[in-house]
Amino acid sequence: MNFTVGFKPLLGDAHSMDNLEKQLICPICLEMFSKPVVILPCQHNLCRKCANDVFQASNPLWQSRGSTTVSSGGRFRCPSCRHEVVLDRHGVYGLQRNLLVENIIDIYKQESSRPLHSKAEQHLMCEEHEEEKINIYCLSCEVPTCSLCKVFGAHKDCEVAPLPTIYKRQKSELSDGIAMLVAGNDRVQAVITQMEEVCQTIEDNSRRQKQLLNQRFESLCAVLEERKGELLQALAREQEEKLQRVRGLIRQYGDHLEASSKLVESAIQSMEEPQMALYLQQAKELINKVGAMSKVELAGRPEPGYESMEQFTVSVEHVAEMLRTIDFQPGASGEEEDEEVALDGDEGSAGPEEERPDGP
């Protein structure tokens, strides 16, 4: 069905009235505001009924004003700017009515009712019956048509309904669809907000676990440094003990060598004495001293291998291999102290210091 548009002459101020009417249309029902309310703080307007429909769709568990149980309020997003509106326990009925807009609507309706200032009516005209207005709706073909098309034309066997009835019905369906779409957008926004919170939580938890990981490895390094210091002290003590013993033996052998050298020197000088009587007076004593000196038993020398320090060798291969196996434990709490307990147990085990043989 093709149709054209027929116009009556426009008045001089019709364009201004059109612009004013566009400012007075509710974005939900696409009708002129009815009891408009201000959505704070964005200052956009909605019909109170439309605002309540959007609010109820976004808060299905919110109890109405007639309920005996006091509700805790709710929230929804402005369909014009998506700003979140938080309501108190009164719900939409707690929003301020926009009396200024109501007054403007009243003035507009009064001006529109005047013939001299009313907007020229426009009607869709049937193309087949040029003088007939489009005033009915064909339910079978789902197109608007005129009465003559129903009586004589292509829609004579079709089921029809008054155009205003279908107009109101489809506008109501579109309004309900818009409300559902707005509510769906609110749910999507809620999911987005929730996932953003999840991202923030992931960052916070990762930061906390990084700090714990650094603390654990710093504790492990501290234990290694402490154990290294203990083993170095044990090695230093063993070194000092052996050096003292050997140096004592060196002093003892040195004293014996010095005394023996002096006795040899005295004996040589005595042998150079030309007087036999004088020589014999000293010879007996020298012979006894030489004999006694030659029989002196010195302290034993260090046994073979005494200088070795191989008993202080530390095997770290198995420890290094164990360190390489350190990994995260799924499900383990970050506050557990199992690692510290294990490290404390390792410190109590026998080390190279305890295993070394006693020195002579």
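Residues numbered from 1 in each chain as written. Predicted model: local features only at pLDDT ≥ 70, side-chain atom pairs only at ≥ 80, totals over all residues. Heavy atoms only, no water.

Looking up the chain in an unreviewed UniProt entry gives the name Tripartite motif-containing protein 5, with the organism given as Macaca fascicularis. Listed in UniProt under the heading Function (unreviewed entry), the comment for the chain reads: "May bind and stabilize microtubules during myotubes formation." (UniProt positions renumbered as here; feature names shortened; annotations may be inferred.)

A. Up close: a nonpolar patch on the surface. Side chains of Leu 213, Phe 217, Leu 224, Met 322, Leu 323, Ile 326 and Phe 328 sit close together on the surface and give an oily, nonpolar patch of about 650 Å² of accessible area. Take the nonpolar patch: its biggest share by element is three residues, from helix H5 (residues 163-271). Accessibility expressed as a relative area gives 44% for Met 322, which makes it partly exposed. (Patch = residues over 30% accessible without salt bridge, like charges linked within 9 Å, V, L, I, M, F, W, Y side chains within 5 Å. Areas by Shrake-Rupley, 256 points an atom, 1.4 Å probe, with all protein chains shown as cover. Salt bridge = Lys/Arg side-chain N within 4 Å of Asp/Glu carboxyl O. Helix = DSSP H or I, 4+ residues; strand = E, 2+ residues; numbered from the N terminus. Buried < 20%, exposed > 50% of the residue type's maximum accessible area, 1.4 Å probe, protein only.)

B. Highlighting the packing of aromatic side chains. Scanning all chains against the criterion turns up zero aromatic pairs. The lysine or arginine in question, Lys 242, covers the ring of Tyr 306, its NZ or CZ lying 5.0 Å from the ring centre. Over the ring of Tyr 306 we find Arg 245, and its NZ or CZ is 5.0 Å from the ring centre. (Phe/Tyr/Trp six-rings, centres within 6.5 Å; stacked < 30°, edge-to-face > 60°. Lys NZ or Arg CZ within 6 Å of the ring centre and 35° of its normal.)

C. Structural view of the packing of helix H2 (residues 48-58) against H5. Between H2 and H5, whose axes approach to 9 Å, the crossing angle comes to 45°. For the element pair H2 / H5, the angle class is oblique. Taken as a pair, H2 and H5 cross one another with a handedness that is right-handed. Residue-level contacts link Val 54, Ala 57 and Ser 58 of H2 to Ala 179, Val 182, Ala 183, Asp 186 and Arg 187 of H5. A class-by-class count of the residues in the contact of H2 with H5 yields five nonpolar, one polar and two charged. (Axes fitted to C-alpha atoms, helices over the stretch in contact; angles between N-to-C directions. Parallel < 35°, antiparallel > 145°, perpendicular 65-115°, else oblique. Left-handed = near helix turned anticlockwise from the far one by under 90°. Contact = heavy atoms within 4.5 Å. Nonpolar A, V, L, I, M, F, W, Y, C, P; charged D, E, K, R; others polar.)

D. Examining the pattern of salt bridges more closely. Applying the stated rule across the entire model yields ten salt bridges. The partner of Glu 31 in a salt bridge is Lys 171, with the nearest N and O atoms 2.7 Å apart. Taken together, the positions of Glu 31 in the loop between helix H1 (14-23) and strand E2 (36-39) and Lys 171 in helix H5 put the pair 140 residues apart, joining distant regions of the chain. On the basis of relative accessible area, Glu 31 is assigned to the partly exposed category, the value being 34%. Where Asp 186 meets Arg 82, a salt bridge forms, and the shortest distance between an N and an O atom there is 3.0 Å. Note that Asp 186 is positioned in helix H5 and Arg 82 in the loop between strand E4 (74-77) and strand E5 (84-87), a separation of 104 residues in sequence.

E. Structural context of the sheet that holds strand E7 (residues 136-138). The strand order across the open sheet built from three strands is E8-E7-E9, with neighbouring strands paired in antiparallel fashion. Edge positions in the sheet fall to strand E8 (143-145) and strand E9 (160-162), since each of these pairs with one other strand and no more. Neighbour to neighbour, the strand axes of the sheet diverge by 35° on average, direction disregarded. Most of the contacts of H5 go to E9, to which it runs at about 85°, and overall it touches E7, E8 and E9. (Pairing = 2+ DSSP bridges.)

F. Summary view of the pairing of E2. Burial along E2 is two-sided: Pro 36 and Val 38 facing one way and Val 37 and Ile 39 facing the other are all buried. Here four bridges tie E2 to strand E3 (residues 44-47), and the two strands are oriented antiparallel to one another. Looking at E3, one finds that Pro 36 is bridged to Cys 47.

G. Molecular detail of the UniProt feature "coiled-coil region" (unreviewed entry) in the chain. Residues annotated in UniProt with the feature "coiled-coil region" (unreviewed entry) correspond here to residues 221-252. Taken end to end, residues 221-252 comprises 100% helix and 0% strand; its first and last C-alpha atoms sit 47 Å apart.

H. The nonpolar core, seen in detail. In this structure, Cys 26, Ile 28, Ile 39, Phe 76 and Leu 87 are the most contacted members of the largest nonpolar core, which totals 25 residues. Going through the elements one at a time, E2, E3, H2, E5 and helix H3 (99-113) are the ones with two or more residues in this core. Counting residues per element, this core draws most heavily on H2, at four residues. What Ile 28 contacts, discounting residues up to four positions off in sequence, is Leu 46, Cys 50, Val 54, Pro 79, Ser 175, Ile 178 and Val 182. (Core = buried A, V, L, I, M, F, W, Y, C linked by side-chain atoms within 4.5 Å.)

I. Inspection of the environment of Tyr 306 at higher detail. Relative to the helices and strands, Tyr 306 is located in the loop between helix H6 (276-295) and helix H7 (317-324). Along the sequence, Tyr 306 and Lys 242 sit 64 residues apart, while their C-alpha atoms lie 8.2 Å from each other.

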